[in-house]
Amino acid sequence: MTIPFNNPDRPNSYIGKTVPRPNASKLVQGRGRYVDDIVLPRMLHVAFSRAPVAHAKIGKIDVDEAKAVKGVLRVFTGKDLAEVCTPWVAVLAHLKGLKSPPEHPLAVDRACWVGEPVVAVVATTRAAAEEAASLVMVDYEDLPVVTDTMTALDKDTPVIHPELGDNLAFRRLHEEGDVDAVFETAHKVVSASFRTARHTGVTLEPRSILVDWNPAEGQMTAYHATQAPHMMQTVFAKHLDIPESRVRVICGDVGGSYGIKVHVYPDEVATAAIAKVMGRPIKFIADRLESYTTDIHARDHEIEAKIAVDADGKILAMDVDDWTGIGPYSVYPRTSAIEGNQVVNLCGGPYDFANYRAQTTVVFQNKTPTCQYRAVGHPIAVAITEGLVDMAAAAIGMDPVEIRRRNMYADDAYPVTSPAKMKFEGLSHHASMDKLMEMMDYDALRAGQAEARKKGKYRGIGIASFIELTNPSPFMYGIGGARISAQDGCTVRMDPDGSVVALSGVTEQGQGTEAMLSQVVAEGVGVKPTNVRVITGDTQVTPYGGGTWASRGAGIGGEAALQAAKALRNSILEVAAAMLQADAGKLDIRDGQVVDMDSGEERMPLEELGRIVYFRGDTLPKDLPRELVQTRHFITMEYPFAFTNGVQASYLEVDTDTGVVTLLKHWCIEDCGRVINPQLVDEQIRGGIVQGLGGALYEEIHYDEDGQLLNGSMADYLVPMAAEMPDMQVGHVETPTKESELGAKGAGEAGTAGAPAAVMNAINDALRPLGAQVTEMPFTPERILRALGKIND
Amino acid sequence: MTEMFRDKVDVSLTVNGEPVEARVPAGQHMIDFLRLELGLTGAHASCEHGVCGACTIRVDGDAVRGCLMLAAQADGAEVWTIEGLTDTNAISDLQDAFVARNALQCGYCTPGMLVAAEELLSKGDLPSRAEIREHLSGNYCRCTGYEAIIDAVESVAQGRAGKGKA
């Protein structure tokens, strides 16, 4: 039976409705269980002595004073752990030329960034472990420090890893059409430099792990704040020499991830290695300074880009030269080349044009390693593209909405392949733009802007169309050799009383996975969502899966859950048909009752069917299958990625005396295919937008030229707070993917992808009458005043 | 150990309406005392220097940072955490509104956010959205973008005001 999604009055119509999150009540009652809430018998705590300099040879390590601290049981150096844990090299075969040196859980001979773990101290309390870690004495012999991205490949710049030959981690050039010839003859060419700042995720729950090794069972259990429990299971098994079947990763409540918690961190692997050596549970909870110096960073890009348009505003060509510094190591196992690669893949995304050149250059430096953070590469690519499109519109005197309408792929053009060679199954740029114009009342807003300008107020409207990569296939990581699952699975089981349990390989990070799964399974089986208990985040219990990343939970995990639920429904109906002497095809399950499909007449509660199957199976025909547990897996096959699209708008005011930007309102129209839970999708969009607004206005990690991180606290690294954020209006166009019955694509990153570009364009719209323009994020008061010529020193 | 330099301090206080007597390390933060010694893990330690608000608890009627207060300072205090506020149904309307509006995602900031919001609501005024935003601007939320939280608090303020008039 296929689900008639277009009929909102169909039985069990939970998909597409706002259903409360089953796990929200416990969280508002303080009954969440995060890793640091877990205490195990004989548990110990580990703290790390970390490199205080950005690049140094590690000399003598003196741990006598540390060992003398009351409660300290053991101290480990890099050499100690290298004997029990193999190093990793974060490269992927399909990112040709990507190189990175082997990385250990603790630095062995050399420290390469401020914060790199060097010595681990284990004690009976965290306070003792931290005190002792501060007393570890390491002789650091300074080595030359590389911090600047743009000069990293210069001949006189020291090479961080001499064995690799140079500081180039990865370079990719993509070229389509005759770019140079078009730029030579085009009606108008506009060029600009862009810069996106180094960010980090600032998860309120710091990175957390508690690892227990039971030598008698040969089993490792890791309680881990992670997005990808199965990936971590594989990593611990491989590098600590344990069969995968004997590594159990349990991921309970997680206090925010945003991509930060999908990577392999040396201190976390060290914690697991130490647990295996000591045979006792070891807990590591990062403190806030450790979060800033060791959580992955992202988006440290410098870009030169240009666009060519004809007199009608038609885009003829784009040329993008992107540079990024990733720290001293590519991060395992996803690698740190993906963000730059995404910039190449995504620039120009919404637009139908022919000539495209983009190159990314990814270099090593002595700063915290960078890797994938929410909306990987998208905010950069969207800022470049939408910034250039706005500048081109201004240069030819065209409205920014009009120039987009003249260039976006027609809504009936699909499938199409972009000049970046991305395949789009079905997008809705024009419908989304139309809806945005209506929702924001664009013309009235322009009139209001003009009115405000008469009063000396500089208000701006910024538009940003975007595409977003979701539902990745193995083309993202698997083909490169990474053991990262693009497939996901779900097991759905009916218990004797007719209630249902769903075990899924995707994880809950707060985005609403459990609610999404409960309503999909409820509809698929024919019970109420409150009768579906969802279990995620336990590798010894759930089917193998990828977890939460690249906006895949609903699209991949949701489809697996739907198919498993439908399989269970069929199993139930097969038993019911035998019991009722009826045709299974004429029966249905609604609200936990077996009913006649046509009349809706109740025939038997699931509870009765459960009683017979589980306790009186002797009364059923001998050959009748009675499998009330069903598992299904889902993987996308036809497209490497399910692209979504959308368009955002920002309305803001710039105080030209102080440089302060006040956000007045923000809009987003987004097409994530079938919307499973409207409220949860809208809140993903809002949360994502605000993370993007943070990047646009506040967030920037600062380093000095010695590679010292200068703002490693929440007081110094600014993120959006309630008082500065605008209200956001969110709307949808739905173009379901045909790859799955559910038709869902991802929604978790769209807000972050488009918000910075919308703000940049709005600021520049406000400043245009003054001849000023900003393209370096974040757009701080200082940068705005410099653009206005009010600060010159 | 002299009285002046003792490293353990005896405290007697009430937590969630229950009497607690303890000898605490002089340097132990209130949030660690609640979490480690009393098993009250609802409030969280996040920035540990008073910026993020995840550790917000109620002490003698005020919303207080659990990471900026020492347990030794709590002698004689009346302390309420999310666990006690839940058990006594003191903020059930606010909690229900947070769930209904999905004003939380990962939930890590939520116990602190609720205590901070209740401090504003308990004044009995009908705060504007701007006032709600201002009052909660000492509590980070990295997931929601704040709007749903503001909506939830606003709806409870209106609900309580309506109840008061009736």
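Residues numbered from 1 in each chain as written. Chains lettered and ligands numbered in written order. Predicted model: local features only at pLDDT ≥ 70, side-chain atom pairs only at ≥ 80, totals over all residues. Heavy atoms only, no water.

**Digging into the pattern of salt bridges**
Residues and elements named next belong to chain B.
Logical step 1: Applying the stated criterion to the full structure yields 58 salt bridges over all chains.
Logical step 2: The salt bridge involving Arg129 is made with Glu154; its shortest N-O contact spans 2.7 Å. Of this pair, Arg129 sits in helix 5 (residues 129-135) while Glu154 sits in helix 6 (residues 147-165), and the two are 25 residues apart along the sequence. (Salt bridge = Lys/Arg side-chain N within 4 Å of Asp/Glu carboxyl O. Helix = DSSP H or I, 4+ residues; strand = E, 2+ residues; numbered from the N terminus.)

**Overview of helix 4 (residues 110-121) of chain B**
Logical step 1: The first and last C-alpha atoms of helix 4 of chain B sit 16 Å apart over 12 residues, in line with the 16 Å expected at 1.5 Å per residue.
Logical step 2: Most of helix 4 of chain B sits inside the fold, with 11 of its 12 residues counted as buried. (Expected span 1.5 Å × (residues − 1). Buried < 20%, exposed > 50% of the residue type's maximum accessible area, 1.4 Å probe, protein only.)

**Things to note about a negative patch on the surface**
Logical step 1: Judged by side-chain charge, A:Glu141, A:Asp142, A:Glu705 and A:Asp706 come together as a negatively charged surface patch.
Logical step 2: On the secondary structure map, A:Glu705 appears in the loop between helix 17 (678-697) and strand 30 (728-732). (Patch = residues over 30% accessible without salt bridge, like charges linked within 9 Å, V, L, I, M, F, W, Y side chains within 5 Å. Areas by Shrake-Rupley, 256 points an atom, 1.4 Å probe, with all protein chains shown as cover. Lys, Arg positive; Asp, Glu negative; His and termini not counted. Charge placed at Lys NZ, Arg CZ, Asp CG, Glu CD.)

**Observations regarding the packing of helix 14 (residues 513-525) of chain A against helix 15 (residues 553-580) of chain A**
A packed helix pair is summarised by two numbers, namely the angle formed by the two axes and the spacing between the axes.
Residue and element names in this part refer to chain A.
Logical step 1: Where helix 14 meets helix 15, the axes come as close as 7 Å, and the angle between the chain directions of the two elements is 30°. Relative to helix 15, the element helix 14 lies roughly parallel. Remark: the crossing between helix 14 and helix 15 carries right-handed chirality. Counted together, Met516, Leu517, Val520, Val521, Gly524 and Val525 of helix 14 and Gly553, Ala554, Gly557, Gly558, Ala561, Leu562, Ala565, Lys566, Leu568, Arg569 and Ile572 of helix 15 form the full contact between these two elements.
Logical step 2: Here the contact of helix 14 with helix 15 is built from residues that sort into 11 nonpolar, 4 polar and 2 charged. (Axes fitted to C-alpha atoms, helices over the stretch in contact; angles between N-to-C directions. Parallel < 35°, antiparallel > 145°, perpendicular 65-115°, else oblique. Left-handed = near helix turned anticlockwise from the far one by under 90°. Contact = heavy atoms within 4.5 Å. Nonpolar A, V, L, I, M, F, W, Y, C, P; charged D, E, K, R; others polar.)

**Considering the sheet that holds strand 4 (residues 110-111) of chain A**
Pairing between the strands of a sheet comes from backbone hydrogen bonds, and it takes one of two forms, parallel or antiparallel.
Logical step 1: Strand order in the open sheet formed by 3 strands is 4-2-6 (chain A), and the pairing between neighbours is antiparallel. One side of each edge strand has no neighbouring strand; the edge strands of this open sheet are strand 4 and strand 6 (137-142) of chain A. (Pairing = 2+ DSSP bridges.)

**Examining the interface of chain B and chain A**
Logical step 1: Contacts between the two partners involve 46 residues from chain B and, on the opposite side, 50 residues from chain A.
Logical step 2: Across the interface of chain B and chain A, roughly 3800 Å² is buried in total on both sides, 53% from carbon and sulfur atoms.
Logical step 3: The largest contributions to the chain B side of the interface with chain A come from B:Gln105, B:Tyr140 and B:Arg142, which together make up 22% of the buried area.
Logical step 4: Counting every contact that joins chain B to chain A gives 8 salt bridges.
Logical step 5: B:Arg129 is paired through a salt bridge with A:Asp727; the nearest N and O atoms lie 3.1 Å apart.
Logical step 6: Taken together, chain B and chain A are joined by 28 residue pairs in polar contact (both at pLDDT 80 or more).
Logical step 7: For the side of chain B that touches chain A, the elements supplying multiple residues, two or more each, are helix 2 (82-87), helix 3 (92-101), helix 4, helix 5 and helix 6 of chain B.
Logical step 8: When residues in the side of chain B that touches chain A are grouped by element, the largest group, 5 residues, is from helix 3 of chain B.
Logical step 9: Looking at the side of chain B that touches chain A residue by residue, the class counts come to 20 nonpolar, 16 polar and 10 charged. (Buried area = accessible area lost by both parts, 1.4 Å probe. Polar contact = N/O pair within 3.5 Å; in protein donor to acceptor, adjacent residues only side chain to side chain.)

**So, the pairing of strand 15 (residues 301-309) of chain A**
All names here are of chain A.
Logical step 1: Across the 9 residues of strand 15, 7 count as buried, placing the element largely inside the fold.
Logical step 2: Taken together, the 9 bridges between strand 8 (residues 188-196) and strand 15 define a ladder with antiparallel strand orientation. Looking at the pairing, Arg195 lines up with Glu302 of strand 15.
Logical step 3: In this structure, the hairpin formed by strand 15 and strand 16 (residues 315-325) is closed by a connection of 5 residues, where Gly313 is found at a positive phi of approximately 85°.

**A word on the packing of aromatic side chains**
Two descriptors summarise a pair of aromatic rings, namely the distance from one centre to the other and the angle between the planes of the rings.
Residue and element names in this part refer to chain A.
Logical step 1: Counted under the stated rule, the structure contains 12 aromatic pairs over all chains.
Logical step 2: Judged by centre distance (6.0 Å) and plane angle (70°), the ring pair of Tyr409 and Phe424 falls under edge-to-face. Of this pair, Tyr409 sits in the loop between helix 11 (400-407) and strand 18 (416-417) while Phe424 sits in strand 19 (residues 423-424); the two residues are 15 residues apart in sequence, bridging distant segments of the chain.
Logical step 3: Seen from their ring centres, Phe641 and Phe643 are 6.2 Å apart, and the 80° between their planes marks the pair as edge-to-face.
Logical step 4: A network of ring pairs unites the aromatic residues Tyr409, Tyr414, Phe424, Phe641 and Phe643 as a single cluster.
Logical step 5: The residue whose ring lies beneath Lys276 is Trp213, and the NZ or CZ to ring-centre distance is 5.5 Å.
Logical step 6: Above the face of the Phe5 ring, Arg674 is positioned so that its terminal group lies 3.8 Å from the ring centre. (Phe/Tyr/Trp six-rings, centres within 6.5 Å; stacked < 30°, edge-to-face > 60°. Lys NZ or Arg CZ within 6 Å of the ring centre and 35° of its normal.)

**Thoughts on the sheet that holds strand 5 (residues 117-123) of chain A**
Residue and element names in this part refer to chain A.
Logical step 1: The strand order across the open sheet built from 7 strands is 3-5-1-13-10-11-12, with neighbouring strands paired in mixed fashion. Of all strands in the sheet, those bounded by a partner on one side alone are strand 3 (72-77) and strand 12 (247-250). In this sheet, neighbouring strand axes are inclined to one another by 20° on average, regardless of whether the strands run parallel or antiparallel.
Logical step 2: Two strands pair when backbone bridges link them, and strand 1 (residues 44-50) and strand 5 are joined in this way by 6 bridges, in the antiparallel orientation. For Phe48, the partnering residue across the bridge sits in strand 5 and is Ala120.
Logical step 3: Docked against the sheet, helix 4 (residues 126-134) engages strand 1, strand 3, strand 5 and strand 13 (282-285), running at close to 20° with respect to strand 1.

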